[in-house]
Amino acid sequence: MPPASKNLEALEAEAREAIAAAPTPAALTQVRARFLGRKGSVSEFLRGIGDLDAAERSNAGQAANAVKQRVEQWVAERRERLERSARRRSLEAHGVDVTLPGAIPPSGHLHPITHVTRHMVRFFTSLGFSVEEGPEVETDYYNFEALNIPSDHPARDEQDTFYVEGGNLLRTHTSNVQIRAMTGRTPPFRFIAPGRVYRHDLSPKHSPMFHQIEGFLVDERVSFGDLKGILYAFARHLMGDDVELRFRANHFPFTEPSAEMDVRSGGEWLEWGGCGMIHPAVLDRCGIDSDRYQGFAFGMGIDRTAMHRFGIPHLRLLFEGDVRVLEQI
Ligand code: PHE
C-alpha cells in the first residue's frame, strides 16, 4: 500500500482538476460530494487515519484537513465564477438595449357619444342643472300615461315600442325622467338627463337604440323665451358662434306650446329634437301647482349631434364597436 501522503496528493490533484472542469453549478455540487461528502474520498481518507500508527496519524490528519480546506475553497471559487458567467450570459440574452426607440403603447379615447354627452352635461351643470337618471326598463305610467300620451297614441303601438314581460317597456324617450324627478319635488329646480332610449325602428338608417338628452326647468315666471335663450347658448357651446336654430311648431302631448328644433352650423339643417313649455296637466300630476309654476322641457338626439360634430355618415357606425372606425374619430 502506498504511503498515505502519496494517496492524498493524488486525491488533491484529482479534485482540483475535476473542480476546474465542472461546467455548471450542479455539476460542481456533485464534484464536491465526490470528494468532501460523507462518502467522499477525502472523508474516507480521514476515516482511514484511525488505522495508522500514532506517529503518522497526526501528520496525516493535519495534511488531510488542509486538503479539505483547499478543496472547499476551490469549489467556492469555481462556483462564484460559474454563477458570474451565467449571470452575464443571461443579461446578454435578455438585456435591454436602451438606445432603441421606445414602443408607444396604443391608448384609447372616449367613445364619441361619451365625449359629446360629457360636453353637453358640462354646459348645463355650469348653469346649475343637476344630472338625473331614470330606468331604461320603464312602466307605461312614466313613459306614456303621466306625460299625457293617450292610450290610442301611435307611439304606444307595438310597431314603435319594445314591450318586455310583465307589461313594462323600454323607454322610448328620456322624458320619463321629467315625471320621476318632478314628482314630490318643490320648484324651483332644473335637471338634465342623458341616456339611452329605444324605438322599434329597424330601418337601416336608424338604430333601435339611440341617445337623448332631456332638460327641464320649473320655476315661477318661466317663458318660452328662457327656453330659446338656453338652447341658443347650448348650441353655441357645442357648435360655435355661427350656429343657427330654427323652431317649427309641432305637437307633443306633454308640452304646450311645442316646437321641433333644427340646428345648423355652416352646412345643412339638422333635426335636433323637441321642446316646449311643460303641459300644466303634467305639472299637476306630479303634484306641482300649475297656477303658480311653469316649466320648459327639451329633448335632443345625442347621436345626431355627435355625427354632425365628427362627420360620421351612419348612425350604426357609432354602435358597431369597430375600432378601425372609432380610431378615426
Ligand atoms: N320626448 C320627445 C321625443 O322623444 C322630445 C321632447 C322632450 C319634446 C321634451 C318636448 C319636450 O321626441
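Note that the structure is predicted; figures quoted are calculated from it, not measured.

> Before we move on, could you go through the pairing of strand β5 (residues 209-219) and cite the residues and values that matter?
Among the 11 residues that make up β5, 10 are buried, leaving the element largely enclosed by the rest of the structure. Looking at chain direction, strand β4 (residues 189-198) and β5 are connected through 10 bridges and run antiparallel. By the bridge assignment, Arg190 is partnered in β5 with Leu217. In terms of strand pairing, β5 meets strand β9 (residues 294-301) through eight bridges, oriented antiparallel. Looking across to β9, one finds that Glu214 is bridged to Gly299.

> Please provide a residue-by-residue account of the packing of aromatic side chains, values included.
All told, the structure shown has 12 aromatic pairs when counted by the stated rule. Centroid distance Tyr141 to Tyr142: 5.1 Å. Interplanar angle 80°. Geometry classified as edge-to-face. Summarising the aromatic geometry, the rings of Phe224 and Phe247 are spaced 6.3 Å apart at their centres and angled 75° between planes, so their arrangement reads as edge-to-face. Here Phe224, found in helix α8 (residues 224-239), pairs with Phe247, found in strand β6 (residues 244-252); they are 23 residues apart in sequence, far enough to count as distant. Ring pairing ties together the aromatic residues Phe123, Phe124, Phe129, Phe234, Trp272, Phe296 and Phe298, which thus form one cluster. A cation over a ring is seen here: Arg180 above Tyr142, with NZ or CZ 4.0 Å from the ring centre.

> Quick one: what's the story with the sheet that holds strand β7 (residues 255-264), residue by residue and with numbers?
The seven strands are arranged β1-β4-β5-β9-β8-β7-β6 in an open sheet whose pairing can be described as mixed. Of all the strands in the sheet, just β1 (130-131) and β6 have a single pairing partner and so form its edges. Direction of pairing for strand β8 (residues 270-278) relative to β9: antiparallel, over a ladder of five bridges. Each bridged residue has a counterpart across the sheet, and for Cys275 the counterpart in β9 is Phe298.

> Describe helix α5 (residues 112-126), listing the residues and the values that go with them.
For α5, spanning 15 residues, the distance from its first C-alpha to its last is 21 Å, which sits close to the expected 21 Å at 1.5 Å a residue. Burial in α5 covers these residues: Pro112, Ile113, Val116, Thr117, His119, Met120, Val121, Phe123 and Phe124. One or two steps after α5, the chain reaches Gly128, where phi turns positive at roughly 90°.

> Talk me through the domain arrangement of the protein chain; I want residue IDs and the actual numbers.
Assigned domains within the protein chain: domain 1 (3-93) and domain 2 (112-326). Taking only C-alpha atoms into account, the centre of domain 1 sits 89 Å from that of domain 2.

> How would you sum up the side chain of Asn148? Please name residues and give values.
Here Asn148 is to be found in the loop between α6 (140-143) and β3 (169-170). From its side chain, Asn148 meets the backbone oxygen of Pro253 in a polar contact 3.2 Å long.

> Summarise the pattern of salt bridges; cite the residues concerned and give the values.
For the structure on display, the rule yields 13 salt bridges. Arg70 serves as the salt-bridge partner of Glu12, at 2.7 Å between the closest nitrogen and oxygen. In this pair, Glu12 is assigned in helix α1 (residues 4-21) and Arg70 in helix α4 (residues 54-94), connecting sequence segments 58 residues apart. For Glu12, a relative accessible area of 15% gives the class buried. Residues Arg84 and Glu80 are paired through a salt bridge, measuring 3.7 Å at the closest nitrogen-oxygen approach. With Arg84 and Glu80 both in helix α4 and four residues apart, this pair spans about one turn of that helix. Overlapping salt bridges, with partners in common, bring together Arg246, Arg248 and Asp262 in one network.

> Outline the nonpolar core, listing residues and values.
General note: in soluble globular proteins, nonpolar side chains tend to be found buried as a group. Formed by 36 residues in total, the largest nonpolar core has its most connected members in Trp272 and Phe298. Of all the secondary-structure elements, those providing two or more residues to this core are α5, β5, α8, β7, β8, β9 and α10 (302-310). With seven residues, α8 is the single largest residue contributor to this core. Setting aside residues no more than four positions away along its own chain, Phe298 makes contact with Phe124, Ile192, Ile213, Glu214, Gly215, Leu227, Leu231, Met261, Gly274 and Cys275.

> How would you sum up the site of the ligand? Please name residues and give values.
Taken together, the neighbourhood of the ligand is formed by 14 residues, with His173, Ser175, Arg199, Gln212 and Glu214 sitting nearest. Within the side chain of Ser175, one N or O atom sits 2.9 Å away from a nitrogen atom of the ligand. In isolation the ligand offers 320 Å² of accessible surface; the protein chains occlude 91% of this area. In terms of residue class, the shell around the ligand is made up of five nonpolar, seven polar and two charged.

> Before we move on, can you summarise the pairing of β8 with the specific residues and values?
Most of β8 sits inside the fold, with eight of its nine residues counted as buried. One ladder, built from seven bridges, connects β7 with β8; its direction is antiparallel. Directly across from Ser258, in β8, lies its bridge partner Gly276. Here β7 folds back onto β8, and the loop between the two strands holds five residues, one of which, Gly266, carries a positive phi near 85°.

Procedures and definitions
- Residues numbered from 1 in each chain as written.
- Predicted model: local features only at pLDDT ≥ 70, side-chain atom pairs only at ≥ 80, totals over all residues.
- Heavy atoms only, no water.
- Buried < 20%, exposed > 50% of the residue type's maximum accessible area, 1.4 Å probe, protein only.
- Helix = DSSP H or I, 4+ residues; strand = E, 2+ residues; numbered from the N terminus.
- Pairing = 2+ DSSP bridges.
- Phe/Tyr/Trp six-rings, centres within 6.5 Å; stacked < 30°, edge-to-face > 60°.
- Lys NZ or Arg CZ within 6 Å of the ring centre and 35° of its normal.
- Expected span 1.5 Å × (residues − 1).
- Domains from an automatic or database assignment.
- Polar contact = N/O pair within 3.5 Å; in protein donor to acceptor, adjacent residues only side chain to side chain.
- Salt bridge = Lys/Arg side-chain N within 4 Å of Asp/Glu carboxyl O.
- Core = buried A, V, L, I, M, F, W, Y, C linked by side-chain atoms within 4.5 Å.
- Contact = heavy atoms within 4.5 Å.
- Near = heavy atom within 4 Å.
- Areas by Shrake-Rupley, 256 points an atom, 1.4 Å probe, with all protein chains shown as cover.
- Nonpolar A, V, L, I, M, F, W, Y, C, P; charged D, E, K, R; others polar.

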